[in-house]
Amino acid sequence: MNEITASQGIAGVLDWSRLDRAAQAQALTRPAQVVAAQTRAAVATLIDEVRTRGDGALREITARFDKVTLASLEVDESEFAAAEAAIDPALREAMVEAAQRIELFHRAGMSRDYAVETAPGVICEKVVRPIGRVGLYVPAGSAPLPSTALMLGVPARLAACREVVLCTPPRADGSADPAVLVAARLTGVGRVFKLGGAQAIAAMAFGSESVPKCDKLFGPGNSFVTEAKQQVAQAGVAAIDMPAGPSEVLVIADAGANPAFVAADLLSQAEHGPDSQVLLLSDSASLIEQVQGELARQLAQLPRADIATRALAQSRLIRVQALADAFEISNRYAPEHLILALREPRGWLERVEAAGSVFLGDYTPEALGDYCSGTNHVLPTSGAARAYSGVSVASFQNFVSVQSASRAGIAAIGDCALRLARAEGLDAHANAVALRMEQAA
């Protein structure tokens, strides 16, 4: 069985052991990777427009893609006030509650300064400093994401960044989503701009007449946003948090998993966008069959069924011979989200080598991490979890090493430095040490 098939938008079942190497690679290919070349070219053009023409280009691109003409790119105080008045008090309370848990989790993992005497008279230190100006991107295309404003704004505040700028796409009436604005203010974000897509990334990277140039850019987005982040990083214009593109989830489930839960978890990611991808790996043919039925049943009830259906056509239901095989496949895929719908999930955790965030057991849906468990939902996608981690307070900080040597210190370790410098043929290095050793003697 070497072809990937789909029926009525729901992925067909693949038997991993019967796929050759090419078909296995195809099964694990993300949708966005198929059109990467076209995306790169389109994004490069947009970035160049913004770099060369600033606000004028931003207004034109916004009119082209968002179908709205903006008098001002920046949200003013009256719009913030209107957002506070418009938001459901229950939603605001939920955002406050979520922000508290996000802060609790992130504060516990904060790095601190430290110092160690590595030799008599030699002190080496690590000091933590906030990044000066950071730019946050909060998607708001088919679904505004105030939760992302919380996930980015809370650690930025804990890091004490001097200035925090946020971009989010405008609505059809030219306003920003009220919930996003309220979430931004809850976390202390200072300035918000009504800009979306690759053009927002370019604006924060290069700066414009209205948008300040930022040192580092954060946030998830579609393939265009992710490509824009990578291009400005490669150009050395701004640092980025990670590649955080179209959403994805991989579920490893055993025969005892609840098929309705598994299907709901798959659909919760599929409804993000047509370029999202969801995978189920199981050693139980019966479980996979039941999940297929649940997918069809639950899909019919979703308001975003069309989007989810398109995503499911690019998704995979894979049968493996043993659960150990599922973990090998998962580590190869390196998913953004990994759900272990297993009877003893913690016992399998040590097998996880690469994943953005892991969800253990039947009662830990990925949606909890998206909103309010406390962990961050801005995570590496497209296999980047092999080398990148999710957003944390450290993402918004620089770690500066400091060293000091007294007379006794240079005497204690100077000979070591001299031998290494001379071995490398760097006589000026050796001389800088030798002069001080003579003076200290």
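The structure we're discussing is the one just above.
Residues numbered from 1 in each chain as written. Predicted model: local features only at pLDDT ≥ 70, side-chain atom pairs only at ≥ 80, totals over all residues. Heavy atoms only, no water.

S.K.: Honestly, the environment of L136 in this entry has me stumped. Any pointers?
M.R.: For L136, the location among the structural elements is in strand β6 (residues 133–137). Residue L136 is classed as buried on the basis of its relative accessible area of 0%. For the pair formed by L136 and G293, sequence separation is 157 residues and the distance between their alpha carbons is 40 Å. Excluding anything up to four places from it in sequence, L136 contacts L152, G153, V164, V165, L166, C167, V189, M204, F218 and F396. (Helix = DSSP H or I, 4+ residues; strand = E, 2+ residues; numbered from the N terminus. Buried < 20%, exposed > 50% of the residue type's maximum accessible area, 1.4 Å probe, protein only. Contact = heavy atoms within 4.5 Å.)

S.K.: I keep staring at empty space enclosed by the protein and nothing clicks. Help me out?
M.R.: Here the idea is plain: a probe the size of a water molecule rolls over the atoms and shows the empty space left. Per the counting criterion, the structure on display carries three cavities of 30 Å³ or more. Reported here for the largest cavity is a volume of approximately 50 Å³. Where the lining of the largest cavity is concerned, the elements lending two or more residues are α10 (259–270) and β14 (337–341). Ranked by residues supplied to the lining of the largest cavity, first place goes to α10 with three residues. In terms of residue class, the lining of the largest cavity is built from five nonpolar, two polar and two charged. Each pocket or cavity is described by its volume, and for the second largest cavity that value is around 40 Å³. Forming the boundary of the second largest cavity are R30, P31, A32, P246, S247, E248, D275, Q277 and S382. (1 Å grid on protein atoms, 1.4 Å probe; cavity = no way out; pocket = protein on both sides within 12 Å on 5 of 7 lines; lining within 4 Å. Points joined across faces, edges and corners; volume = space filled by probe spheres on them. Nonpolar A, V, L, I, M, F, W, Y, C, P; charged D, E, K, R; others polar.)

S.K.: Mind showing me how you'd approach the pattern of salt bridges here?
M.R.: Pairing between side chains becomes possible if they bear opposite charge and their charged atoms approach one another. Under the definition given, this model contains 20 salt bridges. Notably, a salt bridge pairs R101 with E97, separated by 2.6 Å at the nearest N-O pair. Within this pair, R101 and its partner E97 are both found in helix α5 (residues 89–108), separated by four residues, close to a single helical turn. A salt bridge links R157 to E103; the nearest nitrogen and oxygen atoms lie 2.6 Å apart. Placement of the pair is R157 in helix α6 (residues 146–159) and E103 in helix α5, with a sequence separation of 54 residues. The structure contains a network of salt bridges with shared partners spanning E49, R53, E60 and R64. (Salt bridge = Lys/Arg side-chain N within 4 Å of Asp/Glu carboxyl O.)

S.K.: Can you help me understand helix α16 (residues 407–423) in this one?
M.R.: For an α-helix, the turn length of 3.6 residues means that residues three or four places apart are oriented alike. Here α16 is 17 residues long and its end C-alpha atoms lie 24 Å apart, about the 24 Å a rise of 1.5 Å per residue gives. Taking the largest bend as the criterion, α16 deviates by roughly 45 degrees, centred on I413. Buried positions along α16 lie against β5 (122–130), β16 (397–405) and α17 (427–440). G425 occupies a position one or two residues after α16 and carries a positive phi of about 75 degrees. (Expected span 1.5 Å × (residues − 1). Bend = angle between axes of the 7 residues up to and from the residue.)

S.K.: How should the sheet that holds β6 be read in this particular structure?
M.R.: The strands that make up a sheet pair up through hydrogen bonds in the backbone, lying either parallel or antiparallel. Across the sheet, five strands lie side by side as β8-β7-β6-β9-β10; this open sheet has parallel pairing. If you trace the sheet from one side to the other, it starts and ends with β8 (191–194) and β10 (239–240), each paired once. Judged from the two bridges that link them, strand β9 (residues 216–218) and β10 form a sheet pairing that is parallel. For L217, the partnering residue across the bridge sits in β10 and is I240. Against the sheet, helix α8 (residues 197–206) engages β6, β7 (163–168) and β9, with an angle of about 175 degrees to β6. (Pairing = 2+ DSSP bridges. Axes fitted to C-alpha atoms, helices over the stretch in contact; angles between N-to-C directions.)

Treat this as a map of the structure, not an account of what it does.
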